[in-house]
Amino acid sequence: MLRPVAAGIDGSPESLAAAHWAAREALRRGTALSLLHAWEWHPRPAPSVPADMSQRAWAEDLLTRVSKGLRAAHPGLRVLDRSVAEAPVAALLAAADEAGLLVLGSRGLSGVKGFLLGSVSQRIVSRSPVPVVLVRAGVGTCDEHFAAPDGISPDEIPQVPYRDVVLGLDTGRPCDELIEFAFDAARRRGAGLRVIHAFSTPHSLSATDRLVRVSGPELSAEHEHAVAAALRPWCEKFPEVPVAETVAEGRPAGELIRASAGAALIVVGRRERETRYGTGLGPVAHAVLHHAAAPVAVVPHV
């Protein structure tokens, strides 16, 4: 039995965008959408809670309204909804244990600040046992597809080809879970997969103990060979997915953020490790989550 796609909602525009993204993904996977609203009683309810309504009643009303909207917008989708009086992090991590994918909203900010990764999202991304997708407010069906021709009706947009899925690949530590997720996401969309590998030119000591810069073309060829070798078995497993490889000298996060402007989805990895402090996210995943223009999938791996 296929595990559902899970999404957490709190009534914010970003969580509603995430719920609709999750609904489309559930349809692509042929599985159900598990919709969760976790709330905690507070002596001073949020301004969004009407004065004549209890927090529990507001939570249940929100879940009902969002569920109805998702069913209406995505015919054929099976929605399993649940409201729990529990801390959001604990509730969402429990939902992730039973899901194949968890989708959350992330607030978009103007200027260079990009995404605002809240404390709840940050803790979930760093601890979830399954991939987590972060979606900004305003992201809709049109953003996943190439520009539609003039005169096309909204219901025809899903027939327009999908934008590429972009994978950030570290050839020093290639990961099967990460690569397979990206290939599978591209296959489900009938989209291309763009693989980005960025590297920094190392320095080595010469015989005279001076730092010598390695030849650029030779080093690029070495990295291109490593990328091709890492992808070869997956290209054979997913022959229907067209793959484009970009190997460049530079910062991986910067290359991925630039590529996100024209992507349907950015896929990065998170190495599972115990951390006492911080988020447990690597610097590349952290930067991409804060600045990417497209939804970002963070895939845990060993």
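Our subject is the structure listed above.
In this report, the structure presented in the accompanying data block is examined.

About the criteria used
Residues numbered from 1 in each chain as written. Predicted model: local features only at pLDDT ≥ 70, side-chain atom pairs only at ≥ 80, totals over all residues. Heavy atoms only, no water. Helix = DSSP H or I, 4+ residues; strand = E, 2+ residues; numbered from the N terminus. Buried < 20%, exposed > 50% of the residue type's maximum accessible area, 1.4 Å probe, protein only. Polar contact = N/O pair within 3.5 Å; in protein donor to acceptor, adjacent residues only side chain to side chain. Phe/Tyr/Trp six-rings, centres within 6.5 Å; stacked < 30°, edge-to-face > 60°. Lys NZ or Arg CZ within 6 Å of the ring centre and 35° of its normal. Axes fitted to C-alpha atoms, helices over the stretch in contact; angles between N-to-C directions. Left-handed = near helix turned anticlockwise from the far one by under 90°. Contact = heavy atoms within 4.5 Å. Nonpolar A, V, L, I, M, F, W, Y, C, P; charged D, E, K, R; others polar. Parallel < 35°, antiparallel > 145°, perpendicular 65-115°, else oblique. Salt bridge = Lys/Arg side-chain N within 4 Å of Asp/Glu carboxyl O. Pairing = 2+ DSSP bridges. Right-handed = clockwise from strand over helix to strand, strands pointing away. 1 Å grid on protein atoms, 1.4 Å probe; cavity = no way out; pocket = protein on both sides within 12 Å on 5 of 7 lines; lining within 4 Å. Points joined across faces, edges and corners; volume = space filled by probe spheres on them.

Locating K237 in the fold gives a position in helix 7 (residues 216-237). We classify K237 as partly exposed; its relative accessible area is 48%. When the C-alpha atoms of K237 and E180 are compared, they prove to be 9.4 Å apart, with 57 residues separating the residues in sequence. For K237, the side chain forms a polar contact with the side chain of E180, separated by 3.1 Å.

So, on to the packing of aromatic side chains. Any aromatic ring pair is given by two values, namely how distant the centres are and how the planes are angled relative to each other. Applying the stated criterion to the full structure yields one aromatic pair. Lying across the ring of W21, R28 places its NZ or CZ 5.6 Å from the centre. The ring of Y162 has R189 sitting right over it, with the charged end atom 6.0 Å from the ring centre.

Before going further, it helps to examine the packing of helix 3 (residues 88-97) against helix 4 (residues 119-127). Two numbers describe how helix 3 lies on helix 4: the axes approach to 10 Å, and their chain directions differ by 35°. Judged by the sense of rotation from one axis to the other, the crossing of helix 3 with helix 4 is right-handed. Between helix 3 and helix 4, the residues in contact are P88, V89, L92 and L93 and V120, R123, I124 and R127, respectively. Its residues assigned to classes, the contact of helix 3 with helix 4 comprises six nonpolar, no polar and two charged.

Below, the discussion takes up the packing of helix 1 (residues 13-29) against helix 6 (residues 176-189). Axes are the key here: two packed helices are described by the angle between their axes and the distance separating the axes. In the contact formed by helix 1 and helix 6, the axes pass within 10 Å of each other and the chain directions differ by 85°. Taken together, the axes of helix 1 and helix 6 are roughly perpendicular relative to one another. On the side of helix 1, the interface is formed by W21, E25, R28 and R29, while helix 6 contributes F181, R188 and R189. Partitioned by chemical class, the residues of the contact of helix 1 with helix 6 number two nonpolar, no polar and five charged.

Bringing the pattern of salt bridges into the picture now. Applying the stated criterion to the full structure yields twelve salt bridges. Between E180 and K237 there is a salt bridge whose closest N-O contact spans 3.1 Å. Of the two residues, E180 is situated in helix 6 and K237 in helix 7; the sequence distance between them amounts to 57 residues. Taking the relative accessible area as the measure of exposure, E180 reaches 33% and is therefore partly exposed. Among the salt bridges present, the one from D184 reaches R187, with a minimum N-O distance of 2.7 Å. One end of the pair, D184, and the other, R187, are both in helix 6, three residues apart, so they sit about a helical turn from each other. What emerges from the salt-bridge pattern is a single network uniting R24, E25, R28, R29, E144 and R189.

All right, on to the pairing of strand 2 (residues 33-39) then. The buried fraction of strand 2 amounts to seven of the seven residues, a majority that puts the element mostly inside the structure. Residues L33, L35, H37 and W39 line one face of strand 2 and the alternating positions S34, L36 and A38 line the opposite face, and both faces are buried. Judged from the four bridges that link them, strand 1 (residues 5-8) and strand 2 form a sheet pairing that is parallel. Along strand 2, the bridge assignment pairs A6 with S34. Since strand 1 and strand 2 lie parallel, the crossover through helix 1 that links them has a hand, and here it is right-handed. One ladder, built from seven bridges, connects strand 2 with strand 3 (residues 79-85); its direction is parallel.

Take the layout of surface pockets next. Quantified by volume, the second largest pocket comes out at close to 510 Å³. What lines the second largest pocket is a set of 21 residues, and nearest its centre among them are D170, R173, G269, V284 and A285. Residue assignment for the lining of the second largest pocket shows that the elements contributing at least two residues are strand 8 (193-199), helix 8 (252-259), strand 12 (263-271) and helix 9 (283-291). The leading source of residues in the lining of the second largest pocket is strand 12, at four residues. A per-class count over the lining of the second largest pocket returns eleven nonpolar, five polar and five charged.

This paragraph deals with the environment of G11. Within the fold, G11 resides in the loop between strand 1 and helix 1. Residue class for G11 comes out partly exposed when judged on its relative accessible area of 34%. Residues G11 and L62, 51 residues apart in the sequence, show an inter-C-alpha distance of 6.9 Å. If we ignore the near neighbours within four places in the chain, the residues touching G11 are L16 and L62.

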